[in-house]
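Fold and contact review
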Amino acid sequence: MSRVLLQLGVWVRNFAILLYVTEITNNDPFYVSLISVVEFAPIFLFAIVGGTFADRWRPKKTMILSDALSAISVLIVLLVVMGGSWKALLLATFVSAVLSQFSQPSAMKLFKQHVPEAQLQGVMAMFQSLTAFFMVIGPVLGAFIYQHYGIEVSLIIMAGMFAGSALILSLLPKDDAGETGLIRSGIYAEIKAGLGYVRASKVLKNLGAAFAFAGLAAGLIQPLGVFVIIENLGKDKSFLQWVMMANGAAMLLGGAVIMGIGRKVKPQMLLAAGLLASAAGTIGVGWSHDTALTITLQTLSGFFYPCIHIGINTLILQNTETAYMGRVGGIMGPMFMGFMVIGMTLAGYLKEAFSLFGVFAGSGVLFLIATLVLLPLLRNRNKQTIQPSSLS
């Protein structure tokens, strides 16, 4: 219930602020791109720090405080915007993105504490399905609220969603006082211990490498979807929304199916299947000039895409001790997002230097490399949890 409200708040934030800034700056590319910067920058700047503090602090209290502070910051920004300073909207996005770097690792800790291991994969599938659902309806809701009610009402709704999430989180079981990490260590020492924990685990090292290759592959093709529509299919760019809706709906269905078979399929097999399907689908979409085939391939890719995130999150939860959960998440998250941003930056240049199909084929090869990195995990299906005592 908390995640539903947070997703609503985030999508209203993303689209209301995007449309408002686009409108008030007359499509100024600098300010429009700056919105993405303030959304993604906190992942690189604060993920490992937020994960470290999440290991120090009690997860329930951390999540409640993060959502409450997000709501308060939005209300403050609302007052500033009503006074005529629209640039404060960027601050609202930045603050809520920073606070989420403290809240998300705490949520993973709570899963680790309260969800039986046999049910972890099903829970991850449920959360992935929820994300996919809002990927389909979120843009529509965000645009509708802004276009009908304006930026002030959008900000009020956003603050209400964050505050509502904080209230719902207060119903969680009480924090276990014994699960607050190494409180007496310094921050630098704890970050170093988290990095050492990942380096000492073959499972986590392989997952990190696979995450990096998958992120780079996803980043290379993300900005080029519109060129598939225009150049390969010969259609207007507005047709892209239908392809994306098919992809999002397939992601939702894929997540739901994994919820049903979660206990029967090993997470490493799930991850490998998702990467292989993404490789085949990506190469096929870059090659295809047929509308029906392209939509079919996008649908199949969307169906298997949740396997990647569900498999990785499940393996991280299974192979990480509770005391290190935040720091491991703080290392893995930027690994994917960082390489995805690098791929997005290179995509346009590579398309000009080679071809649209060349970039999509390269992305498919990267997905295949990510699969090869996982081969040791497929051969050894037992957990390889590293004990802190081995990290001297």
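Residues numbered from 1 in each chain as written. Predicted model: local features only at pLDDT ≥ 70, side-chain atom pairs only at ≥ 80, totals over all residues. Heavy atoms only, no water.

Moving on: the packing of aromatic side chains. Taken as a whole and assessed by the stated rule, the structure comprises eight aromatic pairs. Through a chain of ring-to-ring contacts, the aromatic side chains of Phe53, Trp57 and Phe102 assemble into a single cluster. Seen from the ring of Phe227, Lys351 lies directly overhead, with NZ or CZ sitting 4.7 Å from the centre. (Phe/Tyr/Trp six-rings, centres within 6.5 Å; stacked < 30°, edge-to-face > 60°. Lys NZ or Arg CZ within 6 Å of the ring centre and 35° of its normal.)

For the rest of this paragraph, the subject is the nonpolar core. Ranked by size, the top nonpolar core spans 56 residues in total, and within it Leu204, Leu207, Leu271, Leu275, Ile316, Val328 and Met332 carry the most contacts. The element best represented in this core is helix α7 (residues 202-221), accounting for ten residues. Non-local contacts of Met332, meaning those with residues more than four positions away in its chain, are made with Val198, Leu204, Leu207, Gly208, Phe211 and Ile316. Of all hydrophobic cores here, the second largest spans 24 residues; its members include Val74, Leu78, Val81 and Trp86. (Core = buried A, V, L, I, M, F, W, Y, C linked by side-chain atoms within 4.5 Å. Buried < 20%, exposed > 50% of the residue type's maximum accessible area, 1.4 Å probe, protein only. Helix = DSSP H or I, 4+ residues; strand = E, 2+ residues; numbered from the N terminus. Contact = heavy atoms within 4.5 Å.)

Along the chain, the position of Asn319 falls in the loop between α11 (291-318) and α12 (325-353). A distance of 2.8 Å separates a polar side-chain atom of Asn319 from the backbone oxygen of Leu315. (Polar contact = N/O pair within 3.5 Å; in protein donor to acceptor, adjacent residues only side chain to side chain.)

Turning next to the confidence of the model for the protein chain. With 92% of its residues at a pLDDT of 70 or more, the protein chain shows a mean pLDDT of 81. In the predicted structure, residues 382-392 sits below a pLDDT of 50 and forms 24 contacts with residues beyond four places in sequence or in another chain. (pLDDT = per-residue confidence, 0-100.)

What follows is about a nonpolar patch on the surface. Together, Leu65, Leu69, Ile72, Ile76 and Val80 make up a nonpolar patch on the protein surface, roughly 430 Å² of accessible area in all. Turning to its location among the elements, Val80 is positioned in helix α3 (residues 59-82). (Patch = residues over 30% accessible without salt bridge, like charges linked within 9 Å, V, L, I, M, F, W, Y side chains within 5 Å. Areas by Shrake-Rupley, 256 points an atom, 1.4 Å probe, with all protein chains shown as cover. Salt bridge = Lys/Arg side-chain N within 4 Å of Asp/Glu carboxyl O.)

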